[in-house]
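Inside the fold
The chain contents come next:
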Amino acid sequence: MIKRIEATEKAIELINVLKEKHGDLMFYQAGGCCEGTQPQCFEKGGYYQRTGDVCIGTIEDTEFWVDKDLFEYWKHAHFTLTVIDAFGVGGFSLETPLKKTFQIEYRIFTPEEEKDLEPVTFF
């Protein structure tokens, strides 16, 4: 099965640092303007998904949720979670005090990959 989301080694390292400090985590990526379009990292349960939101997979046992409208737009794309040295949108994400920002790089799935994608979970 083809994963819909993967992470760079730097992103995995940061997730593990945040897990040591905060416990179980979750990611949520919205498509709106207020919360930005960058993934936000929260303590698990620290963000309430809306009906129809989609979990596209896990990274280090951390669920990655996507706004239902954003998923509809990007459902044919592979997400790669990266991290950069920067102050992110809004400052609500747990990595912000570390002067880091998670971000997503996208690529379109090939037709062969589309036939073997991991299933998603809807909220």
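The rules behind these values
Residues numbered from 1 in each chain as written. Predicted model: local features only at pLDDT ≥ 70, side-chain atom pairs only at ≥ 80, totals over all residues. Heavy atoms only, no water. Phe/Tyr/Trp six-rings, centres within 6.5 Å; stacked < 30°, edge-to-face > 60°. Helix = DSSP H or I, 4+ residues; strand = E, 2+ residues; numbered from the N terminus. Buried < 20%, exposed > 50% of the residue type's maximum accessible area, 1.4 Å probe, protein only. Contact = heavy atoms within 4.5 Å. Salt bridge = Lys/Arg side-chain N within 4 Å of Asp/Glu carboxyl O. Pairing = 2+ DSSP bridges. Axes fitted to C-alpha atoms, helices over the stretch in contact; angles between N-to-C directions. Core = buried A, V, L, I, M, F, W, Y, C linked by side-chain atoms within 4.5 Å.

As recorded in an unreviewed UniProt entry, the chain goes by the name DUF779 domain-containing protein, listed as coming from Flavobacterium humidisoli.

1. What about the packing of aromatic side chains?
Per the counting criterion, the structure on display carries ten aromatic pairs. Measuring from centroid to centroid gives 6.5 Å for F71 and F122, while their planes differ by 90°, and the two rings are edge-to-face. Pair noted here: F71 is in helix α2 (residues 68-74) and F122 is in strand β8 (residues 121-122), with a separation of 51 residues, a long-range link. A relative accessible area of 53% means that F122 is categorised as exposed. Within the aromatic cluster, the residues linked to one another by ring pairs are F27, F64, Y73, W74, F79, F102 and Y106.

2. Here we look at the environment of E60
Tracing the sequence through the fold places E60 in the loop between β4 (54-59) and β5 (62-66). As for E60 and L25, which are separated by 35 residues in sequence, their C-alpha atoms are 9.5 Å apart. Not counting residues within four places of it along the chain, the set of residues in contact with E60 comprises I12, I15, N16 and K19.

3. Some thoughts on the pattern of salt bridges
In the structure shown here, the tally under the stated rule is six salt bridges. Of the charged contacts in the structure, one is a salt bridge between D85 and K100, with a shortest N-O distance of 2.4 Å. Taken together, the residues span a long stretch of sequence, with D85 in strand β6 (residues 77-85) and K100 in strand β7 (residues 100-108) at a distance of 15 residues. Residue classification places K100 among the partly exposed residues on the basis of a relative accessible area of 28%. Between R107 and E113 there is a salt bridge whose closest N-O contact spans 2.9 Å. Its relative accessible area of 37% is what places R107 among the partly exposed residues. Residues participating in the shared-partner salt-bridge network are R50, D53 and D67.

4. Observations regarding the sheet that holds β8
Across the sheet, five strands lie side by side as β3-β2-β5-β4-β8; this open sheet has mixed pairing. Edge strands, defined here as strands with exactly one partner in the open sheet, are β3 (40-43) and β8. Both strand β2 (residues 25-29) and β3 contribute to a ladder of four bridges, which runs antiparallel. In the strand pairing of β3, M26 is matched with F42. Against the sheet, helix α1 (residues 9-22) contacts β2, β3, β4 and β5, and its axis sits at roughly 125° relative to β2.

5. Concerning the nonpolar core
I56, F64, L81 and F102 are the most contacted members of the largest nonpolar core, which has 22 residues in total. Elements that contribute at least two residues to this core include exactly α1, β2, β4, β5, α2, β6 and β7. Per-element accounting of this core gives the leading share, five residues, to α1. In this structure, I56 is in contact with R4, I5, F64, V66, F71, F79 and V120, ignoring residues within four places of it in sequence. M26, F42, C55 and W65 belong to the second largest nonpolar core, which has six residues in total.

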